[in-house]
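# A look at the structure
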Amino acid sequence: MIIRKIKILLLFFLLPLLCLGQGNNDVLSLVENASTSMRVQDITKAYNAILSGRDICSIYGKMSDITNKLESDEVVLDFFELPKSSGGSNYLAFVLKHGMSSPRLYNICSDNALGSLLDDSCNFCNDAKVLNTIMSPIKDELKDVTTIYFVPSGKLHEIALEYCTDTNEKMFCENYEVYRLTSSASLANRKQHREYQNFSIWGGIELEADLPYDDVDADLEPYRNMLPYLEDSYLAAESITK
């Protein structure tokens, strides 16, 4: 009986790891095929596989769930490091916008090209070559865009892309609203902006009222009028002293 329980536990813990490893190989194969064929259906299939792999332990979102939540002036740049069979890797970018039925795929640069830029500059955030190398292939996608969500991969985790400067010495985050994400799937659960017709303004709340919580014999009755805005707050404050 004990041996059987041990086997079940091992299967419970090891099976997800085995499936995850196989899943990663499948994703790499799909992305490689998409980058070679550049066919819409291959790119969409690859990107949905990426989302599924990243969010295996959280909430799974498909591409359409993300694009439906984007505004017309927002864009998602989802970077992906694709290993090459000959060694090294290439960086790709999946671009998502509102209403798109399939992402667009761009080849950004090789890991050697990116690595050499980082090695050549101690303060690479102030080196316009870094931002130009990453953004130049997708610059046309940034027209009429005000907000950028990006998901880094590989060496891009080492770059504070938000603060990299362009040739005019302006930081990337000065030209756009820039948000770094661990997964673009998090946007699928983003609440749409709401317009409210009515609202209330509350004031006069003494959040830092000097209550005698340290004095166990203190009479809290005089402070009752400080706490009418919180349900049962007086009773809670009184219980702290006991």
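These numbers were taken from a predicted model, which means no experiment stands behind them.

### Remarks on the overall build of the chain
When you go through the chain residue by residue, the secondary structure sums to seven helices and five strands. Secondary structure of the chain in N-to-C order comes out as α-α-α-β-β-β-α-α-β-α-β-α. Counting the 242 residues in the chain, one finds 36% classified as buried. Within the chain, contacts between residues separated by at least 24 positions form 60% of all contacts whose residues are at least 6 apart in sequence. With the model as given, the accessible surface of the chain reaches about 15,700 Å², and the carbon-plus-sulfur share is 53%.

### Let's talk about the nonpolar core
The biggest cluster of nonpolar side chains holds 28 residues, and the ones touching the most others in it are Leu-77, Phe-79, Ile-134, Met-135, Ile-148, Ile-159 and Phe-172. The element that contributes the greatest number of residues to this core is helix H5 (residues 128–135), accounting for four residues. In this view, Met-135 contacts Leu-77, Phe-79, Leu-142, Leu-161 and Phe-172; residues no more than four positions away in its chain are not counted. Ranked by size, the runner-up nonpolar core spans 25 residues in total, among them Val-27, Ala-46, Leu-96 and Leu-181.

### So, unusual backbone geometry
Among all residues except glycine, the phi angle is most often negative; among peptide bonds, the trans geometry is most common. A positive phi angle, close to 55 degrees, is found at Met-38, a residue other than glycine. The phi dihedral of Asp-144 falls on the positive side, at around 65 degrees, and the residue is not glycine.

### With respect to the sheet that holds strand S3 (residues 104–110)
In space, the five strands of this open sheet follow the order S3-S2-S1-S4-S5, with mixed pairing throughout. Every other strand in the sheet has two partners, leaving S3 and strand S5 (177–180) as the edge strands with one partner each. Taken over all neighbouring pairs, the strand axes of this sheet differ in orientation by 25 degrees on average, direction set aside.

### Observations regarding the pattern of salt bridges
Going through the model one piece at a time under the given rule, you end up with four salt bridges. Between Arg-39 and Asp-42 there is a salt bridge, and its shortest N-O distance comes to 2.8 Å. Taking relative accessible area as the criterion, Arg-39 reaches 45% and is therefore assigned partly exposed. The partner of Arg-104 in a salt bridge is Glu-141, and the shortest N-O contact between them spans 2.6 Å. Here Arg-104, found in strand S3, pairs with Glu-141, found in the loop between H5 and strand S4 (147–151); they are 37 residues apart in sequence, far enough to count as distant. When its relative accessible area of 5% is taken as the criterion, Glu-141 is described as buried. Overlapping salt bridges bring together Lys-97, Arg-104 and Glu-141 as one network.

How each quantity is defined
Residues numbered from 1 in each chain as written. Predicted model: local features only at pLDDT ≥ 70, side-chain atom pairs only at ≥ 80, totals over all residues. Heavy atoms only, no water. Helix = DSSP H or I, 4+ residues; strand = E, 2+ residues; numbered from the N terminus. Buried < 20%, exposed > 50% of the residue type's maximum accessible area, 1.4 Å probe, protein only. Contact = heavy atoms within 4.5 Å. Areas by Shrake-Rupley, 256 points an atom, 1.4 Å probe, with all protein chains shown as cover. Core = buried A, V, L, I, M, F, W, Y, C linked by side-chain atoms within 4.5 Å. Pairing = 2+ DSSP bridges. Axes fitted to C-alpha atoms, helices over the stretch in contact; angles between N-to-C directions. Salt bridge = Lys/Arg side-chain N within 4 Å of Asp/Glu carboxyl O.

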